[in-house]
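Inside the fold
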Amino acid sequence: MQSRGKPAVWRDLQDHYAMMQSLHLRCLFADDPVRGERMTAEAAGVYLDYSKNRINDETLRLLVDLAEQSGLRARIDAMFRGEKINMTENRAVLHVALRAPKGASIVVDGKNVVPEVHAVLDKMADFANRVRSGRWKGHTGKPVRNVVNIGIGGSDLGPVMAYEALKYYSDRTMTFRFVSNVDGTDFVEATRDLDPAETLFIVSSKTFTTLETMTNAQSARDWSLQGLGGDAKAVARHFVAVSTNAEKVTEFGIDTANMFEFWDWVGGRYSMDSAIGLSTMVAIGPDHFREILAGFHAIDEHFRSTPFGCNLPVLMGLLSVWYNDFFGAQTVAVLPYDQYLKRFPAYLQQLTMESNGKHVTLDGTPVETQTGPIYWGEPGTNGQHSFYQLIHQGTRLIPCDFIGFGQALNPIGRHHDMLLANVFAQSEALAFGKTPEQVKAGRAVGLLSHVGAGPGRKCRARPLM
């Protein structure tokens, strides 16, 4: 009998899992030597190699059937149409509108929101250009050389991740800091070596009442005024707001002309390409920021229109269901082989775990499966000298997402070749391991008792070309 709430294909997947769980990736590659070429997908410059998963063509067929029987296509279409798919708050979920090009139409409550999005982007660009050029002056007439973003959750994790990921493109004559923790140490260390006369604070809070953010904002106000002679008029030259609460913003002393709005259909964890990304735009410039939005939009369109069998976001989501709900894997390790992406795993934690942190369905009935794995990770190659031992030889099944780049932004000697060699070597080792015969051939007989003959470890190698 079919379990309540599960599509009919779920039973077929359970039967299929019983057959697949004991298969080793060595066998799958031996039976299909070209799977490394076949099991790939590409979109907007992102190349996904999912061949090192414990799957075959039948697995993919069943998982795609699961997506279709679950109504995923209808849900995608509803999101892009601006329907209120956030059931608990009765709101649209339209981060895709934040990167829609001018001339597009995405309607919420009968109104096309795209013109409003671009109006805010234009306002952000004008402000960013004034700060970057030195035309924006502080209270004493000095230009801004330091920008401190104050926020928490999506108002911090996205901007921090984006700044670190794009630091190569940032204005190195400026300093950027981020404060989120209500622990006073966070604020003190972020401002210890800064000159208040050259420091601008971006306070990001939709309601301008978030406890942690406003506590830090008040400390920033006190710090600024103490260093600027106590004149309350100085606040307007050293603070701007990303908010929708004009009354609270004015009360704080910020000119509402320097208040950048966003909308209740923007979820915090998806907000980095809204006005929440103001610090990112100041760091890298409006042109680069719009390039980011164009890349997001390209993937949005791929997600919206591409068949599920070659749809990158859908494939990755289905593989997560496969390991989480059938293999019982509890975590996913995200392993970026790029130092600029050092904060990417932390960003993904909120993006995935807050989204999937539910225990009931849309109609309020209890969920019968696991709703999502725990995401964690560190940049390679550092992790190889830390936690990889447990992944390689421990008892847990830990899915691993490897991220690499075909070209280095900082080409120094053979560094990038060595980095990519580690990406491929680690993904190969996790996928195939060594047989006792291979260990003997390598004359490491003393290690035989440490060589397992089990089904190996699942590994998703995802070099980005």
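Report on the accompanying structure. (Residues numbered from 1 in each chain as written. Predicted model: local features only at pLDDT ≥ 70, side-chain atom pairs only at ≥ 80, totals over all residues. Heavy atoms only, no water.)

1. Re the pairing of strand S5 (residues 146-150)
- Among the five residues in S5, five count as buried, and that is most of the element.
- Side chains of S5 alternate between two faces, with Asn 146, Val 148 and Ile 150 and Val 147 and Asn 149 buried alike.
- For S5 and strand S6 (residues 175-179), the ladder comprises five bridges, and the chain directions are parallel. If you follow Ile 150 over to S6, its bridge partner there is Val 179.
- For the segment spanning S5, helix H7 (residues 154-165) and S6, crossover handedness is right-handed.
- Strand direction decides the pairing type here: S5 and strand S7 (residues 199-204), joined by five bridges, are parallel. Residue pairing in the sheet places Asn 149 in a bridge with Ile 202 of S7. (Buried < 20%, exposed > 50% of the residue type's maximum accessible area, 1.4 Å probe, protein only. Helix = DSSP H or I, 4+ residues; strand = E, 2+ residues; numbered from the N terminus. Pairing = 2+ DSSP bridges. Right-handed = clockwise from strand over helix to strand, strands pointing away.)

2. Here's the deal with the nonpolar core
- Counting 100 residues, the largest nonpolar core has Met 124, Phe 127, Trp 265, Val 282 and Trp 322 as the members making the most contacts within it.
- The residues touching Val 282, leaving out its near neighbours within four places in the chain, are Phe 127, Ala 128, Val 131, Arg 132, Val 147, Met 174 and Phe 176.
- Core analysis: the next-biggest nonpolar cluster, separate from the first, contains 24 residues, Phe 187, Ala 220, Val 235 and Met 259 among them. (Core = buried A, V, L, I, M, F, W, Y, C linked by side-chain atoms within 4.5 Å. Contact = heavy atoms within 4.5 Å.)

3. Considering the packing of helix H1 (residues 9-20) against helix H4 (residues 57-69)
- Interaxial distance between H1 and H4 falls to 10 Å at its minimum, and their mutual angle equals 155°. Considering their axes alone, H1 and H4 lie roughly antiparallel with respect to each other. Our pair here, H1 against H4, has a crossing hand that is left-handed. Contacts between H1 and H4 involve Val 9, Trp 10, Asp 12, Leu 13, His 16 and Met 20 on the former and, on the latter, Glu 58, Thr 59, Leu 62, Leu 63, Asp 65, Leu 66 and Gln 69.
- Its residues assigned to classes, the contact of H1 with H4 comprises seven nonpolar, three polar and three charged. (Axes fitted to C-alpha atoms, helices over the stretch in contact; angles between N-to-C directions. Parallel < 35°, antiparallel > 145°, perpendicular 65-115°, else oblique. Left-handed = near helix turned anticlockwise from the far one by under 90°. Nonpolar A, V, L, I, M, F, W, Y, C, P; charged D, E, K, R; others polar.)

4. Notes on the side chain of Thr 280
- Among the secondary structure elements, Thr 280 is positioned in helix H12 (residues 278-284).
- When near neighbours in sequence (up to four residues on either side) are disregarded, Thr 280 contacts Pro 159, Ala 162, Leu 166, Gly 285 and Phe 289.

5. Describing the pattern of salt bridges
- Under the criterion given, the structure shown has 22 salt bridges.
- Where Arg 91 meets Glu 89, a salt bridge forms, and the shortest distance between an N and an O atom there is 3.3 Å.
- Looking at Glu 89, the relative accessible area reads 46%, which means it is partly exposed.
- Two residues, Glu 354 and Arg 269, come together in a salt bridge whose shortest N-O distance is 3.0 Å. Of this pair, Glu 354 sits in the loop between helix H15 (344-353) and strand S11 (374-376) while Arg 269 sits in the loop between strand S9 (259-260) and H12, and the two are 85 residues apart along the sequence. (Salt bridge = Lys/Arg side-chain N within 4 Å of Asp/Glu carboxyl O.)

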